[in-house]
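# Structural description and commentary
Chain residues, written in single-letter form:
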Amino acid sequence: MLNKVKSLTFQGQTTKNELLTLLREDARKLNLSDMVRCSLQIQQVAECIHTSYKSEYIKAETAFMIRIREVKEDNLRYSGKLDVEELNTAIDILSQQEKLGENMQETDPTFLRIYSILSLYTTFIRDEPIHQVGTLFPGGFTVKKEGDKYTCPVKDNNDNNPLAVCPFCIAEQDEEV
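Residues numbered from 1 in each chain as written. Predicted model: local features only at pLDDT ≥ 70, side-chain atom pairs only at ≥ 80, totals over all residues. Heavy atoms only, no water.

Right, let's get into the nonpolar core. Judged by nonpolar contacts, the single largest core of 46 residues is most densely connected at Leu 19, Leu 23, Leu 87, Leu 120, Phe 124 and Phe 168. Of all the secondary structure elements, the ones that give two or more residues to this core are α1 (2-9), α2 (16-27), α3 (32-46), α4 (51-66), α5 (68-73), α6 (84-102), α7 (109-125) and β4 (149-152). (Core = buried A, V, L, I, M, F, W, Y, C linked by side-chain atoms within 4.5 Å. Buried < 20%, exposed > 50% of the residue type's maximum accessible area, 1.4 Å probe, protein only. Helix = DSSP H or I, 4+ residues; strand = E, 2+ residues; numbered from the N terminus.)

Taking 1.5 Å per residue, 16 residues should reach 22 Å; α4 reaches 23 Å between its end C-alpha atoms and fits that length. Every buried residue belonging to α4 is among Tyr 53, Tyr 57, Ile 58, Ala 60, Glu 61, Phe 64 and Met 65, and all of these are buried. (Expected span 1.5 Å × (residues − 1).)

With that settled, the discussion passes to the environment of Thr 9. Tracing the sequence through the fold places Thr 9 in helix α1. For Thr 9, a relative accessible area of 8% corresponds to the buried category. A C-alpha to C-alpha distance of 9.8 Å links Thr 9 and Leu 19, two positions 10 residues apart in sequence. A distance of 2.5 Å separates a polar side-chain atom of Thr 9 from the backbone oxygen of Lys 6. (Polar contact = N/O pair within 3.5 Å; in protein donor to acceptor, adjacent residues only side chain to side chain.)

Let us look at the packing of α3 against α7. In the contact formed by α3 and α7, the axes pass within 9 Å of each other and the chain directions differ by 95 degrees. In terms of axis orientation, α3 runs roughly perpendicular to α7. Two secondary-structure elements touch here, α3 through Asp 34, Met 35, Arg 37, Cys 38, Gln 41 and Ile 42 and α7 through Thr 110, Phe 111 and Ile 114. Residues of the contact of α3 with α7, tallied by class, amount to 5 nonpolar, 2 polar and 2 charged. (Axes fitted to C-alpha atoms, helices over the stretch in contact; angles between N-to-C directions. Parallel < 35°, antiparallel > 145°, perpendicular 65-115°, else oblique. Contact = heavy atoms within 4.5 Å. Nonpolar A, V, L, I, M, F, W, Y, C, P; charged D, E, K, R; others polar.)

This part takes up the sheet that holds strand β3 (residues 144-146). Taken together, 3 strands build an open sheet; the order of strands is β3-β4-β5 and the sheet is mixed. The open sheet terminates on both sides in strands that have one partner only, identified here as β3 and β5 (172-173). In this structure, β3 lies alongside β4, joined through 3 bridges in antiparallel fashion. Of the residues in β4, the one forming a bridge with Lys 144 is Thr 151. (Pairing = 2+ DSSP bridges.)

In structure tokens, the structure reads:
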């Protein structure tokens, strides 16, 4: 899927609708068993998380994964061209994550595929942060919307995390954290 998205950037100017078409096409290939496997992976990862935050983590990650239905059903027309440089940065990060995932036995490639689709969709089509407003992080901090600006409590903490999509997420670091 990422190779198809990358090919869009070779054309120079790419529109939101062109990207949405590719993302929707790939999302529609996913089925219920894919979602069940991803849900199981979320549960497995949660086993390593402190009990006080575990249920919030599962809730947030499951809500994120369920948004794949939104991509499948999105037939809206979006105006505007994409920042090809930003899109290439996102593709490079997601490609690196796929490579890392190949070396991690517990990571289901379908999980990474959904993660990629949704990260690109929220950032480049919906102009929203990857984690939804209200997503709770350890310490009780949440993703917030203030006017037209989104803030995240953990963005700066993940600058050097190869598994994070923070570098291309539109949210800014919450300066109050």
